[in-house]
Amino acid sequence: MPGKETKFHPDGRPIFRIVTSAGEAEEHLRVIRQAMERSTKHSTLSGLSGVLAGCFAIAAAVLAPTDLGTLHEKLLFVALWSATLVLALLTDVVLTKRRAAKFGKTAFSALGVHLARAVAPGLLAGAGITLFHLMHPEALGTYLYGFWILCYAVALLAIGMFSRREVSIMGWAFLGAGIIALLLPANFIIGPRALMAVTFGGFHIVYGAWMGLKYGW
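Thresholds applied
- Residues numbered from 1 in each chain as written.
- Predicted model: local features only at pLDDT ≥ 70, side-chain atom pairs only at ≥ 80, totals over all residues.
- Heavy atoms only, no water.
- Helix = DSSP H or I, 4+ residues; strand = E, 2+ residues; numbered from the N terminus.
- Buried < 20%, exposed > 50% of the residue type's maximum accessible area, 1.4 Å probe, protein only.
- Contact = heavy atoms within 4.5 Å.
- Areas by Shrake-Rupley, 256 points an atom, 1.4 Å probe, with all protein chains shown as cover.
- Expected span 1.5 Å × (residues − 1).
- Phe/Tyr/Trp six-rings, centres within 6.5 Å; stacked < 30°, edge-to-face > 60°.
- Core = buried A, V, L, I, M, F, W, Y, C linked by side-chain atoms within 4.5 Å.
- Axes fitted to C-alpha atoms, helices over the stretch in contact; angles between N-to-C directions.
- Parallel < 35°, antiparallel > 145°, perpendicular 65-115°, else oblique.
- Nonpolar A, V, L, I, M, F, W, Y, C, P; charged D, E, K, R; others polar.
- Polar contact = N/O pair within 3.5 Å; in protein donor to acceptor, adjacent residues only side chain to side chain.

Remarks on the overall build of the protein chain
Here is step 1 of the chain: Regarding its fold elements, the protein chain presents eight helices and two strands.
Here is step 2 of the chain: Ordering the α and β elements of the protein chain from the N terminus gives β-β-α-α-α-α-α-α-α-α.
Here is step 3 of the chain: Counting over 217 residues, the protein chain shows a buried share of 35%.
Here is step 4 of the chain: Considering only contacts within the protein chain whose residues lie at least 6 apart along the sequence, 66% involve residues at least 24 apart.
Here is step 5 of the chain: Surface exposure of the protein chain reaches about 12,700 Å², of which carbon and sulfur atoms provide 72%.

Structure (C-alpha coordinates):
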(Lines give C-alpha, C1' and ligand atoms only; values in the text may rest on other atoms or scores of the structure.)
Protein backbone atom coordinates (compact mmCIF):
# COMPACT_ATOMS: atom_id res chain seq x y z
CA MET A 1 0.00 0.00 0.00
CA PRO A 2 1.64 3.27 -1.05
CA GLY A 3 2.27 5.86 1.63
CA LYS A 4 3.18 8.76 -0.63
CA GLU A 5 2.24 9.97 -4.07
CA THR A 6 4.67 12.13 -5.99
CA LYS A 7 4.41 13.86 -9.35
CA PHE A 8 7.50 14.77 -11.31
CA HIS A 9 8.64 17.30 -13.88
CA PRO A 10 9.91 15.87 -17.16
CA ASP A 11 13.44 16.33 -15.84
CA GLY A 12 12.66 14.19 -12.84
CA ARG A 13 12.21 16.94 -10.21
CA PRO A 14 9.22 16.43 -7.86
CA ILE A 15 6.33 18.88 -8.15
CA PHE A 16 4.58 18.06 -4.90
CA ARG A 17 4.10 15.24 -2.45
CA ILE A 18 0.96 13.99 -0.71
CA VAL A 19 1.76 12.84 2.79
CA THR A 20 -0.29 9.87 3.94
CA SER A 21 2.00 8.56 6.67
CA ALA A 22 0.62 9.28 10.14
CA GLY A 23 4.10 9.63 11.59
CA GLU A 24 5.23 12.14 8.99
CA ALA A 25 2.03 14.15 9.31
CA GLU A 26 2.51 14.28 13.07
CA GLU A 27 6.06 15.54 12.59
CA HIS A 28 4.84 18.31 10.28
CA LEU A 29 2.23 19.36 12.83
CA ARG A 30 4.89 19.47 15.53
CA VAL A 31 7.06 21.78 13.41
CA ILE A 32 4.08 24.01 12.66
CA ARG A 33 3.18 24.24 16.35
CA GLN A 34 6.76 25.18 17.22
CA ALA A 35 6.77 27.89 14.55
CA MET A 36 3.49 29.29 15.85
CA GLU A 37 4.82 29.15 19.40
CA ARG A 38 7.89 31.15 18.37
CA SER A 39 5.69 33.85 16.83
CA THR A 40 3.47 34.21 19.90
CA LYS A 41 5.87 33.44 22.73
CA HIS A 42 6.91 36.98 23.42
CA SER A 43 3.34 38.22 23.61
CA THR A 44 3.07 36.57 27.02
CA LEU A 45 5.96 38.61 28.42
CA SER A 46 5.17 41.63 30.55
CA GLY A 47 6.34 45.07 29.51
CA LEU A 48 6.24 46.06 33.16
CA SER A 49 9.00 43.56 33.93
CA GLY A 50 11.30 45.40 31.51
CA VAL A 51 10.58 48.74 33.16
CA LEU A 52 11.23 47.34 36.64
CA ALA A 53 14.42 45.58 35.52
CA GLY A 54 15.67 48.90 34.17
CA CYS A 55 14.96 50.59 37.49
CA PHE A 56 16.85 47.85 39.36
CA ALA A 57 19.84 48.26 37.04
CA ILE A 58 19.98 52.03 37.52
CA ALA A 59 19.91 51.60 41.30
CA ALA A 60 22.70 49.02 41.13
CA ALA A 61 24.84 51.24 38.89
CA VAL A 62 24.52 54.07 41.41
CA LEU A 63 25.20 51.96 44.50
CA ALA A 64 27.93 49.64 43.18
CA PRO A 65 31.42 50.37 44.56
CA THR A 66 33.95 51.66 42.05
CA ASP A 67 37.07 50.41 43.85
CA LEU A 68 37.56 46.70 44.42
CA GLY A 69 40.77 46.83 46.40
CA THR A 70 39.47 45.06 49.50
CA LEU A 71 37.68 41.74 49.95
CA HIS A 72 34.67 43.57 51.39
CA GLU A 73 34.35 45.75 48.28
CA LYS A 74 34.65 42.74 45.98
CA LEU A 75 31.96 40.82 47.87
CA LEU A 76 29.69 43.86 47.90
CA PHE A 77 30.16 44.32 44.16
CA VAL A 78 29.27 40.70 43.38
CA ALA A 79 26.39 40.59 45.86
CA LEU A 80 24.82 43.79 44.55
CA TRP A 81 24.87 42.88 40.88
CA SER A 82 23.90 39.26 41.57
CA ALA A 83 20.93 40.43 43.62
CA THR A 84 19.96 42.79 40.80
CA LEU A 85 20.04 39.95 38.26
CA VAL A 86 18.05 37.58 40.48
CA LEU A 87 15.49 40.27 41.32
CA ALA A 88 15.01 41.15 37.65
CA LEU A 89 14.59 37.47 36.70
CA LEU A 90 12.11 36.77 39.50
CA THR A 91 10.11 39.86 38.59
CA ASP A 92 9.99 38.76 34.97
CA VAL A 93 8.88 35.23 35.90
CA VAL A 94 6.08 36.43 38.20
CA LEU A 95 4.73 39.07 35.83
CA THR A 96 5.04 36.82 32.78
CA LYS A 97 3.10 34.01 34.46
CA ARG A 98 0.43 36.48 35.53
CA ARG A 99 0.08 37.88 32.02
CA ALA A 100 0.03 34.44 30.39
CA ALA A 101 -2.73 33.29 32.73
CA LYS A 102 -4.94 36.16 31.55
CA PHE A 103 -4.87 34.77 28.01
CA GLY A 104 -5.01 31.11 28.95
CA LYS A 105 -1.46 30.54 27.75
CA THR A 106 1.50 28.74 29.24
CA ALA A 107 4.29 31.16 30.01
CA PHE A 108 7.06 28.60 29.78
CA SER A 109 7.15 25.60 27.47
CA ALA A 110 9.60 23.49 25.51
CA LEU A 111 10.69 26.65 23.72
CA GLY A 112 12.21 27.77 27.02
CA VAL A 113 14.89 25.11 26.59
CA HIS A 114 15.88 26.62 23.26
CA LEU A 115 15.90 30.10 24.78
CA ALA A 116 18.11 28.93 27.65
CA ARG A 117 20.56 27.34 25.24
CA ALA A 118 20.63 30.49 23.13
CA VAL A 119 21.26 32.84 26.05
CA ALA A 120 23.73 30.63 27.93
CA PRO A 121 26.95 31.44 25.97
CA GLY A 122 26.56 35.19 26.42
CA LEU A 123 25.74 34.96 30.12
CA LEU A 124 28.50 32.45 30.83
CA ALA A 125 30.99 34.69 29.05
CA GLY A 126 29.88 37.58 31.25
CA ALA A 127 30.26 35.44 34.36
CA GLY A 128 33.78 34.39 33.32
CA ILE A 129 34.82 37.98 32.68
CA THR A 130 33.41 38.98 36.07
CA LEU A 131 35.45 36.31 37.86
CA PHE A 132 38.57 37.50 36.05
CA HIS A 133 37.77 41.07 37.12
CA LEU A 134 37.49 40.03 40.75
CA MET A 135 40.89 38.36 40.57
CA HIS A 136 42.52 41.21 38.64
CA PRO A 137 40.43 44.36 39.20
CA GLU A 138 43.21 46.60 37.90
CA ALA A 139 43.17 44.89 34.48
CA LEU A 140 39.69 45.94 33.40
CA GLY A 141 38.65 48.65 35.81
CA THR A 142 35.28 50.20 34.98
CA TYR A 143 35.57 48.83 31.44
CA LEU A 144 34.08 45.67 32.90
CA TYR A 145 30.72 47.28 32.23
CA GLY A 146 31.50 47.47 28.53
CA PHE A 147 32.19 43.73 28.42
CA TRP A 148 28.97 43.07 30.34
CA ILE A 149 27.03 45.11 27.79
CA LEU A 150 28.59 43.18 24.90
CA CYS A 151 27.89 39.80 26.51
CA TYR A 152 24.28 40.80 27.11
CA ALA A 153 24.02 41.96 23.50
CA VAL A 154 25.11 38.51 22.31
CA ALA A 155 22.48 36.90 24.53
CA LEU A 156 19.72 39.21 23.28
CA LEU A 157 20.60 38.68 19.63
CA ALA A 158 20.48 34.93 20.18
CA ILE A 159 17.06 35.17 21.85
CA GLY A 160 15.87 37.42 19.04
CA MET A 161 15.95 34.42 16.71
CA PHE A 162 13.05 32.93 18.69
CA SER A 163 11.21 36.11 19.58
CA ARG A 164 9.84 39.37 18.25
CA ARG A 165 11.79 41.92 16.24
CA GLU A 166 12.02 44.33 19.18
CA VAL A 167 14.33 41.94 21.04
CA SER A 168 16.80 41.88 18.16
CA ILE A 169 16.66 45.67 17.88
CA MET A 170 17.54 46.02 21.54
CA GLY A 171 20.32 43.48 21.09
CA TRP A 172 21.91 45.57 18.32
CA ALA A 173 21.51 48.68 20.49
CA PHE A 174 23.39 46.93 23.32
CA LEU A 175 26.08 45.80 20.89
CA GLY A 176 26.69 49.34 19.72
CA ALA A 177 26.66 50.69 23.27
CA GLY A 178 29.12 48.03 24.41
CA ILE A 179 31.59 48.96 21.69
CA ILE A 180 31.24 52.64 22.61
CA ALA A 181 31.79 51.82 26.29
CA LEU A 182 35.11 50.16 25.48
CA LEU A 183 36.27 53.03 23.27
CA LEU A 184 35.44 55.86 25.66
CA PRO A 185 38.37 57.21 27.70
CA ALA A 186 38.20 56.48 31.42
CA ASN A 187 37.93 60.19 32.29
CA PHE A 188 35.21 60.93 29.71
CA ILE A 189 32.18 62.83 31.05
CA ILE A 190 29.99 59.80 30.28
CA GLY A 191 32.07 56.86 31.41
CA PRO A 192 31.41 53.12 31.14
CA ARG A 193 29.67 53.13 34.52
CA ALA A 194 27.17 55.77 33.36
CA LEU A 195 26.68 53.96 30.08
CA MET A 196 25.85 50.83 32.06
CA ALA A 197 23.00 52.71 33.71
CA VAL A 198 21.86 54.08 30.34
CA THR A 199 21.82 50.64 28.69
CA PHE A 200 20.69 48.16 31.32
CA GLY A 201 18.56 50.86 32.91
CA GLY A 202 17.34 53.17 30.17
CA PHE A 203 17.18 50.66 27.32
CA HIS A 204 15.13 48.24 29.41
CA ILE A 205 12.75 50.97 30.55
CA VAL A 206 12.17 52.18 26.98
CA TYR A 207 11.83 48.61 25.71
CA GLY A 208 9.44 47.62 28.50
CA ALA A 209 7.31 50.73 28.00
CA TRP A 210 7.11 50.13 24.24
CA MET A 211 6.21 46.46 24.64
CA GLY A 212 3.66 47.30 27.33
CA LEU A 213 1.95 49.92 25.20
CA LYS A 214 2.04 47.78 22.05
CA TYR A 215 1.29 44.31 23.40
CA GLY A 216 0.01 44.93 26.92
CA TRP A 217 1.42 45.05 30.43
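Brief notes about the side chain of S49
Here is step 1 of the chain: Here S49 shows up in helix α2 (residues 47–63).
Here is step 2 of the chain: Ignoring any residue separated from it by four or fewer positions in sequence, one finds S49 in contact with T91, D92 and L95.

Observations concerning helix α6 (residues 144–159)
Here is step 1 of the chain: Over its 16 residues, α6 runs 23 Å from end to end, which matches the ideal 22 Å to within 8%, given 1.5 Å per residue.
Here is step 2 of the chain: Within the span of α6, buried status applies to L144, Y145, G146, W148, I149, L150, C151, A153, A155, L156 and A158.

Describing the packing of aromatic side chains
Here is step 1 of the chain: What the rule picks out here adds up to eight aromatic pairs.
Here is step 2 of the chain: Ring plane angle 70° and centroid distance 4.9 Å describe the contact between Y152 and F174, whose orientation is recorded as edge-to-face. Of this pair, Y152 sits in helix α6 while F174 sits in helix α7 (residues 165–183), and the two are 22 residues apart along the sequence.
Here is step 3 of the chain: When its relative accessible area of 0% is taken as the criterion, F174 is described as buried.

Remarks on the nonpolar core
Here is step 1 of the chain: F77, W81, Y145, W148, I149, F174 and M196 are the most contacted members of the largest nonpolar core, which totals 27 residues.
Here is step 2 of the chain: Those elements that provide at least two residues to this core are α2, α3 (71–102), α6, α7 and α8 (192–215).
Here is step 3 of the chain: Not counting residues within four places of it along the chain, the set of residues in contact with F174 comprises I149, Y152, A153, L156, T199, F200, F203 and H204.

Things to note about the environment of L156
Here is step 1 of the chain: Take L156: it is sitting in helix α6.
Here is step 2 of the chain: Given a relative accessible area of 6%, L156 falls into the buried group.
Here is step 3 of the chain: Apart from the residues lying within four places of it in its own chain, the contact partners of L156 are V167, M170, G171 and F174.

Topic: α2
Here is step 1 of the chain: The end-to-end C-alpha separation of α2 is 25 Å, in line with the 24 Å expected for 17 residues at 1.5 Å each.
Here is step 2 of the chain: Among all positions of α2, only G47, S49, G50, V51, A53, G54, A57, A60 and A61 are buried.

Some remarks on the packing of α7 against α8
Here is step 1 of the chain: Where α7 meets α8, the closest approach of the two axes is 11 Å, and the angle between their N-to-C directions is 170°. As the angle between them shows, α7 and α8 are arranged roughly antiparallel. Here α7 contributes E166, V167, M170, A173, F174, A177, I180 and A181 to the contact with α8, which in turn contributes P192, L195, T199, F200, F203, H204, Y207, W210, M211, K214 and Y215.
Here is step 2 of the chain: Per-class residue counts for the contact of α7 with α8 are 15 nonpolar, two polar and two charged.

Let's talk about the side chain of T130
Here is step 1 of the chain: With respect to the helices, strands and loops of the structure, T130 is situated in helix α4 (residues 111–135).
Here is step 2 of the chain: A polar atom in the side chain of T130 sits 2.7 Å from the side chain of W148.
Here is step 3 of the chain: Excluding residues within four positions of it along the chain, T130 makes contact with L144 and W148.

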